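Observations on the three-dimensional arrangement
Residues per chain are reported as follows:
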Amino acid sequence: MWLDDRRETILKSTDEKPDRGQSNALTTECAQMSRNAGVAFKKRSGQVTSQKFHMGSSKRVSYWTVEEVYHWVKKQYLGEQSALQQAVLIHAISGRALLRMSEHQLDRLGIEPESQPEILQDLLLLRVQEELENLNDIFSECFSS
């Protein structure tokens, strides 16, 4: 919401479409605000680095293959969640499916209740990361000419 307000303020300050310099500056500013929001969220949730949530590439979570999800689970939980690792392979859980996981689905996959809060928190952070990337894409599209 506040990003929309900022964009509207800048667009209203000119009678015509912003020039490339203004557009690039706004895109950079919005990207920085998105990154700051992501860092602040991760700090509030007790996470120190974003490395824990990336596969080491710039590929979006929603585009992860079953194999990439499997490697993320394996790296994320260092063998603790063999049930989740097996479920990823058996049910062919892709990045899109991973982002949609809920407590109910974890129950159905046989994940123990005491493990679920950590998994759900990690999934929430993946969703936030995905949304921040979506916002960056939107701003890039809005202000590129």
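Everything below is about the structure shown above.
Position labels on residues start from 1 in each chain and follow its written sequence. Given that the model is predicted, a residue must reach a pLDDT of at least 70 before its local features are reported, and side-chain atom pairs must reach 80 or more before they are shown or counted; all residues, however, enter totals for whole chains, interfaces and linings. By convention in this description, side-chain values take in all heavy atoms of the structure and omit both hydrogens and water.

**A word on the overall build of the protein**
Rules: Only DSSP runs of H or I covering at least 4 residues are called helices, and only runs of E covering at least 2 are called strands; the numbering of each starts at the N terminus. Burial classes follow relative accessibility: with a 1.4 Å probe on protein chains only, a residue under 20% of its type's maximum area counts as buried, one over 50% as exposed, and anything between as partly exposed. Note on contacts: a residue pair qualifies if any of its non-hydrogen atoms lie within 4.5 Å across the two residues. Accessible surface area values rest on a Shrake-Rupley calculation with a 1.4 Å probe, where residue burial reflects the displayed protein chains alone.
Across its full length, the protein carries seven helices and zero strands. When the helices and strands of the protein are listed from N to C terminus, the series reads α-α-α-α-α-α-α. When burial is assessed residue by residue, the protein has 34% of its 145 residues classed as buried. Residue pairs at least 24 apart in sequence account for 66% of intrachain contacts in the protein once pairs closer than 6 positions are excluded. Total accessible area on the protein is roughly 9000 Å²; 53% of this is exposed by carbon and sulfur atoms.

**Digging into the packing of helix α3 (residues 66-77) against helix α4 (residues 82-90)**
Here is the rule: For every element, the axis is a line fit to its C-alpha atoms; helices are fit only across the contacting stretch, and the angle between N-to-C directions ranges from 0 to 180 degrees. Put simply, angles under 35 degrees are roughly parallel, angles over 145 are roughly antiparallel, angles from 65 to 115 are roughly perpendicular, and the rest are oblique. Residues are grouped as follows: Ala, Val, Leu, Ile, Met, Phe, Trp, Tyr, Cys and Pro are nonpolar; Asp, Glu, Lys and Arg are charged; every other residue, Gly included, is polar.
In contact at an axis separation of 9 Å, α3 and α4 are set at 180 degrees when each is read in the N-to-C sense. The angle between α3 and α4 falls in the class roughly antiparallel. Facing α3, whose interface residues are V66, V69, Y70, V73, K74 and Y77, α4 presents L84, Q85, V88 and L89. Across the contact of α3 with α4, the residue classes tally to eight nonpolar, one polar and one charged.

**So, the side chain of S62**
Selection criterion: Any N or O atom pair separated by 3.5 Å or less is treated as a polar contact, with the protein-specific requirement of one donor-capable and one acceptor-capable atom, and with residues adjacent in sequence counted only for side-chain atom pairs.
Here S62 is to be found in the loop between α2 (20-44) and α3. Side chain to side chain, S62 and E130 meet in a polar contact 2.6 Å long. If sequence neighbours within four positions are ignored, S62 has contacts with G95, R96, L99 and E130.

**Observations concerning the pattern of salt bridges**
The condition is simple: Criterion for a salt bridge: a side-chain nitrogen of Lys or Arg within 4 Å of a carboxyl oxygen of Asp or Glu.
If you walk through the whole model with that rule in mind, you get four salt bridges. Between E68 and K59 there is a salt bridge, with its nearest N and O atoms 2.9 Å apart. In this structure, E133 and R60 form a salt bridge, with 3.6 Å as the shortest nitrogen-oxygen distance. Pair noted here: E133 is in helix α7 (residues 116-143) and R60 is in the loop between α2 and α3, with a separation of 73 residues, a long-range link. The buried category is assigned to E133, whose relative accessible area is 18%. In this structure R60 comes out as buried when scored by relative accessible area, which is 13%. It is possible to trace a salt-bridge network through shared partners that takes in R60, E130, E133 and D137.

**Topic: the nonpolar core**
Condition: Take the buried Ala, Val, Leu, Ile, Met, Phe, Trp, Tyr and Cys residues and link them wherever side-chain atoms come within 4.5 Å; each set so joined is a nonpolar core.
Core analysis: the largest hydrophobic core is formed by 18 residues, its most contacted members being L98 and L126. Of all the secondary-structure elements, those providing two or more residues to this core are α3, α4, α5 (95-99) and α7. Residue contributions to this core peak at five residues, all from α3.

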